[in-house]
Amino acid sequence: MAKNTARVEDAYVTAHVRALTLLEDLHQIVEDMPAPDSDHPINWEHVGSLQHLCERLKELKDFVAPAGE
């Protein structure tokens, strides 16, 4: 039984590190999104893409931590 406990703990730690790494990657991607400037003027596609990303992130947040918990 102890062997199974060690395996499940190792799997949890691995998944936890992966989740944190993915979050860091996503954070960096959002930070690196180019800000509109004179060479790349903002348009509604930029806004829509970012809003879509926000909706998907909200879905993920609600899945992980549903409201009211």
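Note: the structure precedes this text.
Structure report, in brief. Since this is a predicted model, take the numbers as computed values, not measurements.

**Some points on the pattern of salt bridges**
Here's step 1: For the structure shown, the criterion picks out two salt bridges.
Here's step 2: When the shortest N-O distance is used, the salt bridge between arginine 56 and glutamate 59 registers 3.7 Å. With arginine 56 and glutamate 59 both in helix α2 (residues 44–64), this residue pair falls three residues apart, about one helical turn.
Here's step 3: Across the pair aspartate 62 and lysine 58 runs a salt bridge, and its minimum N-O distance is 2.8 Å. Remark: lysine 58 and aspartate 62 occur in helix α2; sequence separation between them is four residues, near one turn of the helix.
Here's step 4: Judged by its relative accessible area of 32%, aspartate 62 is partly exposed.

**As for α2**
Here's step 1: If you check α2, its first and last C-alpha atoms are 30 Å apart, about what 21 residues at 1.5 Å a residue would give, namely 30 Å.
Here's step 2: Between the side-chain oxygen at the start of α2 and the backbone nitrogen of glutamate 45 there is a gap of 2.8 Å, and the oxygen is on asparagine 43.

**As for a nonpolar patch on the surface**
Here's step 1: A contiguous nonpolar surface patch, about 1000 Å² in accessible area, is contributed by Leu20, Leu23, Leu26, Ile29, Val30, Met33, Leu50, Leu57, Leu60, Phe63 and Val64.
Here's step 2: Take valine 64: it is sitting in helix α2.
Here's step 3: Owing to a relative accessible area of 61%, valine 64 belongs among the exposed residues under this scheme.

Cut-off values and rules
- Residues numbered from 1 in each chain as written.
- Predicted model: local features only at pLDDT ≥ 70, side-chain atom pairs only at ≥ 80, totals over all residues.
- Heavy atoms only, no water.
- Salt bridge = Lys/Arg side-chain N within 4 Å of Asp/Glu carboxyl O.
- Helix = DSSP H or I, 4+ residues; strand = E, 2+ residues; numbered from the N terminus.
- Buried < 20%, exposed > 50% of the residue type's maximum accessible area, 1.4 Å probe, protein only.
- Expected span 1.5 Å × (residues − 1).
- Polar contact = N/O pair within 3.5 Å; in protein donor to acceptor, adjacent residues only side chain to side chain.
- Patch = residues over 30% accessible without salt bridge, like charges linked within 9 Å, V, L, I, M, F, W, Y side chains within 5 Å.
- Areas by Shrake-Rupley, 256 points an atom, 1.4 Å probe, with all protein chains shown as cover.

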